[in-house]
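The chain contents come next:
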Amino acid sequence: MPSAGPVSAEGPAPTADWGPAWRLGQFLTATEAREIADHLADGDTLTAALRVIAPGRRPEARALLEALNPRVLAWDAVIVMLRAIAGARSAPTVIDPLWTMPGHLARHGRLTSSVPYLVRGARYSVVCSTFNFQRSSSLWTALRDAAQRTEVTTRVYLDAAAADLSPRPGSPGTEEVAAHLHPATVLRTRPFDGRQVRNHAKFLAIDHRFLLVTSANFSWAAENGNIELGALIDDQNLTESVERAMRDIEDRLFERI
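This section reports on the structure supplied with the text. (Residues numbered from 1 in each chain as written. Predicted model: local features only at pLDDT ≥ 70, side-chain atom pairs only at ≥ 80, totals over all residues. Heavy atoms only, no water.)

Re the nonpolar core
Core analysis: the biggest nonpolar cluster contains 27 residues, and Val119, Val126, Leu139, Leu143, Val186 and Leu204 have the highest contact counts within it. When residues of this core are assigned to their parent elements, the largest contribution, six residues, is made by helix 7 (residues 139-147). Excluding residues within four positions of it along the chain, Leu204 makes contact with Val115, Val119, Val126, Val127, Cys128, Leu139, Phe210, Leu211, Leu212 and Phe218. Counting 23 residues, the second-largest nonpolar core is a separate cluster that includes Ala30, Ala49, Leu50 and Ile85. (Core = buried A, V, L, I, M, F, W, Y, C linked by side-chain atoms within 4.5 Å. Buried < 20%, exposed > 50% of the residue type's maximum accessible area, 1.4 Å probe, protein only. Helix = DSSP H or I, 4+ residues; strand = E, 2+ residues; numbered from the N terminus. Contact = heavy atoms within 4.5 Å.)

See the structure below:
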């Protein structure tokens, strides 16, 4: 079997024959490469496998994969290549504190008010989970902007009780959030074993790489007025594991709106 060729921009220039492999390594994120490989290994069609990435990115991914497959003659080699891409795109962990407090007092780390810039800068994916979501939050607009970009997949987990049963002033219900963020995937908690589950997991995951875990809800006060502490973690493996854990419990603890 011929070599798959380079998959990193830091490697040698691709040959004419293996150019699609090199371009595929530049195009896919680690998560996209890993999940496409998993689907193909399970016997799924390429169309089904490509559903793991945003609609706006699928045509180019399909073209690169279809250009590659006839050269290696078997999807098994493509799967190996995809797993190699996923491994090559791993990065070391970097952790920064994230504070809400008067700006001149936060001398170490970033401010929570900077989070919308992370969301607006997303290239592939935004996943967020919160207990309380208010229209006053700067993320109310930033998430909508991300959801309307076809190259970005947006997924939001909400607490149904906080939003629908006992909402705070200025808090939208889950149906309003889903309508506001359309076509994002919005999910709310549902009863489990006879009791209402509460979602108190508060995090943002950007591009399957950056993970923000914070005490702050999505509200103006939490982003500007309170004392809140979070950690912004640049760790692909950790971020992917959190996203995967939430996906694994979706069918039992959440319902899609």
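Examining helix 2 (residues 30-41)
Counting along an α-helix, one turn takes 3.6 residues, and residues three or four places apart therefore face a common direction. For helix 2, built from 12 residues, the straight-helix expectation of 16 Å at 1.5 Å per residue is met to within 8% by its first-to-last C-alpha distance of 16 Å. Listed in full, the buried residues belonging to helix 2 are Ala30, Thr31, Glu32, Ala33, Ile36, Ala37 and Leu40. Downstream of helix 2 by a residue or two, Gly43 has a phi angle that is positive, lying close to 90°. (Expected span 1.5 Å × (residues − 1).)

Here's the deal with the pairing of strand 8 (residues 203-206)
With burial as the criterion, each face of strand 8 is covered, one bearing Phe203 and Ala205 and the other bearing Leu204 and Ile206. Relative to strand 9 (residues 210-214), strand 8 runs antiparallel, the two sharing four bridges. When the sheet's bridge partners are listed, Leu204 is paired in strand 9 with Leu212. Linking strand 8 back to strand 9 in an antiparallel pair, the connection comprises three residues, with Asp207 at a positive phi of about 55°. (Pairing = 2+ DSSP bridges.)

Some remarks on the sheet that holds strand 8
Read from one edge of the open sheet, nine strands run 2-1-10-9-8-3-4-5-11, paired in mixed fashion. Every other strand in the sheet has two partners, leaving strand 2 (110-111) and strand 11 (254-256) as the edge strands with one partner each. Bridge count for strand 5 (residues 185-189) against strand 11 is three bridges, and the pairing is antiparallel. Residue pairing for strand 11: Leu187 is matched across the bridge by Arg256.

With respect to the packing of aromatic side chains
Scanning the model with the defined rule gives three aromatic pairs in all. Taken together, a centroid distance of 5.4 Å and an interplanar angle of 85° make the contact between Phe133 and Trp140 edge-to-face. For the pair Tyr157 and Phe254, a centre-to-centre distance of 5.0 Å together with 65° between the ring planes defines the contact as edge-to-face. Here the residue Tyr157 occupies a position in strand 4 (residues 153-158), and Phe254 occupies one in strand 11, the gap between them amounting to 97 residues. Its relative accessible area of 1% is what places Tyr157 among the buried residues. Clustering of aromatic rings is evident, with ring pairs tying together Phe133, Trp140 and Phe218. Looking at Arg57, its charged tip hangs above the ring of Phe27, at a distance of 4.1 Å from the centre. (Phe/Tyr/Trp six-rings, centres within 6.5 Å; stacked < 30°, edge-to-face > 60°. Lys NZ or Arg CZ within 6 Å of the ring centre and 35° of its normal.)

Remarks on unusual backbone geometry
Note that the residue after His182, namely Pro183, is joined by a cis bond; omega there is 10°. One non-glycine residue, Asp207, lies in the positive phi region at around 55°. Among the secondary structure elements, Asp207 is positioned in the loop between strand 8 and strand 9. Positioned with a positive phi, His208 is a non-glycine residue whose angle comes to about 55°. Among the secondary structure elements, His208 is positioned in the loop between strand 8 and strand 9.

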